[in-house]
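The lines below spell out each chain.
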Amino acid sequence: MGKEWDIVEVLRHSRHDWLNKLQLIKGNLDLNRIDRVRAVIDEIVIEAQHETKLSNLHMPMFAALLLKSNWENPSFKLEYEVMIDSESIRIDDTNMTNWTKSFFLCLNQAIEEFQENHLSITIEPQIDGVRFFFDFSGIIIKRELIEKFLAEPAADVLVKEFSGSELALEVFMPVL
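An account of the accompanying structure is given in this report.

1. Topic: the pattern of salt bridges
Stage number 1. One pass over the full model with this rule turns up 7 salt bridges.
Stage number 2. Measuring nitrogen to oxygen at the nearest pair gives 2.9 Å for the salt bridge that ties Glu-47 to Lys-21. Taken together, the residues span a long stretch of sequence, with Glu-47 in helix H2 (residues 34-55) and Lys-21 in helix H1 (residues 7-30) at a distance of 26 residues.
Stage number 3. The exposure class assigned to Glu-47 is partly exposed, which follows from its relative accessible area of 39%.
Stage number 4. For Glu-147, the salt bridge is made with Arg-143, and the minimal N-O distance between the two is 2.8 Å. Of this pair, Glu-147 and Arg-143 both sit in helix H5 (residues 143-151), separated by 4 residues, roughly a single helical turn.

2. Concerning the packing of helix H3 (residues 60-72) against helix H4 (residues 93-110)
Stage number 1. Between H3 and H4, whose axes approach to 7 Å, the crossing angle comes to 25°. Relative to H4, H3 is oriented roughly parallel. Between H3 and H4, the residues in contact are Pro-60, Met-61, Phe-62, Leu-65, Leu-66 and Ser-69 and Asp-93, Thr-94, Met-96, Thr-97, Thr-100, Lys-101 and Phe-104, respectively.
Stage number 2. Split into classes, the residues belonging to the contact of H3 with H4 amount to 7 nonpolar, 4 polar and 2 charged.

3. Let's talk about the packing of aromatic side chains
Stage number 1. A complete count under the given rule lists 7 aromatic pairs for this structure.
Stage number 2. Relative to Phe-132, the ring of Phe-62 has its centre 5.3 Å away and its plane inclined at 70°; by these criteria the two rings are edge-to-face. Remark: Phe-132 occurs in strand S3 (residues 129-137) and Phe-62 occurs in helix H3; sequence separation between them is 70 residues. Neither residue differs from the other here; Phe-62 and Phe-132 are each classed as buried.
Stage number 3. Grouping aromatic residues by their ring pairs yields a cluster made of Trp-99, Phe-103, Phe-134 and Phe-149.
Stage number 4. For the cation-ring pair, Lys-21 lies above Trp-18, with the distance from its terminal atom to the ring centre recorded as 4.8 Å.
Stage number 5. We note Arg-143 situated over the ring of Phe-162; from NZ or CZ to the ring centre the distance is 3.8 Å.

4. Some words on the sheet that holds strand S1 (residues 77-82)
Stage number 1. Here we have 5 strands laid out as an open sheet, ordered S1-S2-S3-S5-S4, and mixed in their pairing. Because the sheet does not close on itself, it has two edges, and the strands there are S1 and strand S4 (156-162). Ignoring which end each strand starts from, the neighbouring axes of this sheet average 15° apart.
Stage number 2. Bridge count for S3 against strand S5 (residues 166-174) is 9 bridges, and the pairing is antiparallel. Its bridge partner being in S5, Arg-131 is matched across the sheet by Phe-172.
Stage number 3. Across the sheet, H2 is in contact with S1 and strand S2 (118-126); its angle to S1 comes to roughly 70°.
Stage number 4. Across the sheet, H5 is in contact with S4 and S5; its angle to S4 comes to roughly 155°.

5. So, a nonpolar patch on the surface
Stage number 1. A cluster of nonpolar side chains, Ile-7, Val-8 and Leu-11, forms an exposed patch at the surface whose accessible area comes to about 320 Å².
Stage number 2. Note on placement: Val-8 falls in helix H1.
Stage number 3. When its relative accessible area of 57% is taken as the criterion, Val-8 is described as exposed.

What counts, and at which threshold
Residues numbered from 1 in each chain as written. Predicted model: local features only at pLDDT ≥ 70, side-chain atom pairs only at ≥ 80, totals over all residues. Heavy atoms only, no water. Salt bridge = Lys/Arg side-chain N within 4 Å of Asp/Glu carboxyl O. Helix = DSSP H or I, 4+ residues; strand = E, 2+ residues; numbered from the N terminus. Buried < 20%, exposed > 50% of the residue type's maximum accessible area, 1.4 Å probe, protein only. Axes fitted to C-alpha atoms, helices over the stretch in contact; angles between N-to-C directions. Parallel < 35°, antiparallel > 145°, perpendicular 65-115°, else oblique. Contact = heavy atoms within 4.5 Å. Nonpolar A, V, L, I, M, F, W, Y, C, P; charged D, E, K, R; others polar. Phe/Tyr/Trp six-rings, centres within 6.5 Å; stacked < 30°, edge-to-face > 60°. Lys NZ or Arg CZ within 6 Å of the ring centre and 35° of its normal. Pairing = 2+ DSSP bridges. Patch = residues over 30% accessible without salt bridge, like charges linked within 9 Å, V, L, I, M, F, W, Y side chains within 5 Å. Areas by Shrake-Rupley, 256 points an atom, 1.4 Å probe, with all protein chains shown as cover.

Laid out in C-alpha cells, this is it:
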C-alpha cells in the first residue's frame, strides 16, 4: 500500500471514475429514469464538495490517502465526509496519515474480501483539534489483528463499538 502515484496514474484512475459516473447517468437517461439521474448528479456534487473540504484541511498527505483509497483498497469501499469548512486548524498531518495508513492495512488483512465492506470517515474540526470518526461495517474475520493494532498507543483512539460486523472508532488529533 506504500505505492507512489504519478500524475498519469492519478489522472487515469480519476478519468475511469468519471467515465463510470457518466455511464451511470447515460444508462439512466436511456431508461428515462430522470429521478435517478438527478440523484446520481446530486451524489456527485456532494462528493465533490467533500473533496474540496478535504483538500482545504491543510492535510495534503491525509487528503491524498483518502482520495486514492478506493483505488488501493479493493476489499472495502471508503466514503468520507468533512463536517465544516475549516482552513484555520492545523494538526499533525504525518501522524494522522501514518496512523490511518496502518489502520487501512490492518483492516485489509482483518476483513473478508469480496463482501459488502464499508468504511465511512467523518472529519469534524473543532476549536482544540480534529475528531475523526471511523465507522466500518462488513465482515471482520481476524478480530485479533484489529485488537493488536488498537493496543498500540499511536493515537488518541476511543473504541465506540467492536463486533464481528462493526467497528466504530473515534480518533482525536490536537491542534499543533
